[in-house]
Amino acid sequence: MDRKSFLKSGHLGSLVGAFLYFDISFMIWVLIGPLAVLIAEDFHLNAAQKANLVALPLLGGSFLRLVLGYLTDRIGPKRTGLLGMALTAVPLVIGWRVADSLDDMYFVALMLGIAGASFAAALPLASRWYPPEHQGLALGIAGAGNSGTIFSTLFANRLARWFGDWHVVFGLALIPLAIVFLIFLLIARDSPDRPEPKRLSDYVRVLREKDTWVFCLLYMVTFGGFSGMANYLTVFFNTQYQLNAVRAADFATVCVIAGSFFRPVGGWLADRVGGIRMLILLYAVMSLMLACVASLPALGVTTTLLFVAMMCMGMGNGSVFQLVPQRFREEVGIITGIVGAAGGLGGYFLPTILGHLKQLTDSFTPGFLILALVAGSCMAVLSLAQREWRREWIGEGGKVRVAPWIEGDIETTF
């Protein structure tokens, strides 16, 4: 791929703005994940209650992405992003100043889904500036904002220990949120090729497409796997290996790094070899790694297996969204919201499955075996779906089948 061609084909300011918005939103979205160990100590939570707490932000993000996806088409991704960041401040203030019971924290957790809904605005902001042959890389760069999870897993518990109170971490998160809000306001810009606002009937039409549900399943496993693991791994390492809150979060950070920084790699490779080829390979490796984790080996081995599994999940996120804009070119905002919602829902199910099965069986083994089976099933679904896709809209292996983009159609500015 020609780097100059990529830079000239879109708008750098909007790409950077989308990344920063996604980054800070992810940091806030998964904030309860590492803090759950400390919160559980204060409220004396069992395995199922901890799972519910870390899963609720993912559930909230799943439903609210549909709302932000609709708003993105109606008022544009920039305004939607600004609104999303402003509303994200609300649960942070409540978590900082008000929450003093488990029910309060359940409410805060659910409302943090506003941050998770950023997906529906950030990705269209970047996507609409770039041609089909650069979609994988552009969306991979914007989507690499999921690296914000690293800041939460690395610093949240340390700050809580430093200040002697986990509540203050929610207040501190308001500072970077305000900074990103101002930067986003200044450098992001909606694409001049913004499509006409869609009606609710358009959403219904997209939902009637069977390919929509295929992409939803694929993303539930890749993005849902990544976000669910990012939120739950601190609890897992603390429970299974008796690590303290800070050390458990550090081990979770190692795994989160893999999923975060390999997302653009997945998008780039998908542009080169095809998203279908990439995903089949990634699901196979992911399934194998999770099946091995189910044996609950030594801490170092488990960390390595989860590192590779989350690397595949991150690359899979980029690969899925190399395919999505090819199939739904005129409904990017709608399909982003729908598929993103499915991804958030997958993230909700992952800690719920692991936590509740741990409560029932006193072991994480059944949960990881189920996750491995689900990942493996995606290979079969994708293998069947690609037969029809190749006849209708996609190139060999998932490569783009379009006329070359005419450079210079869109002026590139910062």
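This report concerns the structure included in the present document. Given the structure is predicted, the values throughout are model-derived calculations rather than measurements. (Residues numbered from 1 in each chain as written. Predicted model: local features only at pLDDT ≥ 70, side-chain atom pairs only at ≥ 80, totals over all residues. Heavy atoms only, no water.)

### Some remarks on the overall build of the chain
Our working definition: Numbered from the N terminus, helices here are DSSP runs of H or I no shorter than four residues, and strands are runs of E no shorter than two. For the radius of gyration, the atom set is restricted to C-alpha positions; the globular benchmark scales as 2.2 Å times the number of residues to the power 0.38. Pairs of residues are marked as contacts when any of their non-hydrogen atoms sit within 4.5 Å.
Counting its regular elements, the chain contains 20 helices and zero strands. Whereas a compact globule of 414 residues would reach a radius of gyration of roughly 22 Å, the chain reaches 20 Å, a difference of no more than 12%. Each principal axis of the C-alpha atoms in the chain carries an extent, and together these give about 60 × 45 × 40 Å. A separation threshold of at least 6 residues defines the contact pool for the chain, and within that pool the share at least 24 residues apart is 88%.

### Describing the nonpolar core
What counts here: Side-chain atoms within 4.5 Å are what join buried Ala, Val, Leu, Ile, Met, Phe, Trp, Tyr and Cys residues into a set we call a nonpolar core. Think of it in three bands: residues with accessible area under 20% of the maximum for their type are buried, residues over 50% are exposed, and the middle band is partly exposed, with areas taken using a 1.4 Å probe on protein chains only.
Formed by 129 residues in total, the largest nonpolar core has its most connected members in Leu35, Phe170, Phe215, Met229, Phe237, Phe368 and Trp389. Residues contacting Phe237, with those up to four places away along its chain left out, are Gln242, Leu243, Ala248, Phe251, Ala252, Cys255, Leu299, Thr302, Thr303 and Leu306.

### A word on the packing of helix H4 (residues 47-75) against helix H5 (residues 77-97)
Spelled out, the test is: For helices, the fitted line uses only the C-alpha atoms of the stretch in contact; every axis is such a line through C-alpha atoms, and the angle between N-to-C directions lies from 0 to 180 degrees. An angle below 35 degrees is read as roughly parallel, one above 145 as roughly antiparallel, one from 65 to 115 as roughly perpendicular, and any other as oblique. In this count, Pro and Cys sit with the nonpolar residues alongside Ala, Val, Leu, Ile, Met, Phe, Trp and Tyr, while Asp, Glu, Lys and Arg are called charged and the others, Gly among them, polar.
Axis separation between H4 and H5 bottoms out at 7 Å; the angle between their running directions is 135°. Taken together, the axes of H4 and H5 are oblique relative to one another. Seen from H4, the contacting residues are Leu68, Leu71, Thr72 and Ile75; seen from H5, they are Pro77, Arg79, Thr80 and Leu83. Tallied by class, the residues present in the contact of H4 with H5 amount to five nonpolar, two polar and one charged.

### A short note on the pattern of salt bridges
Rules: By convention in these notes, a salt bridge is any Lys or Arg side-chain nitrogen within 4 Å of a carboxyl oxygen on Asp or Glu.
In this structure the tally under the stated criterion is six salt bridges. As a salt-bridge pair, Glu388 and Lys210 come within 2.8 Å of each other at their nearest N and O atoms. With Glu388 in helix H20 (residues 365-392) and Lys210 in helix H14 (residues 210-241), the pair connects residues that are 178 residues apart, well separated along the chain. Residue classification places Glu388 among the partly exposed positions, given a relative accessible area of 23%. A salt bridge links Asp362 to Lys358; the nearest nitrogen and oxygen atoms lie 3.6 Å apart. Taking the relative accessible area as the measure of exposure, Asp362 reaches 61% and is therefore exposed. Since its relative accessible area comes to 14%, Lys358 is described here as buried.

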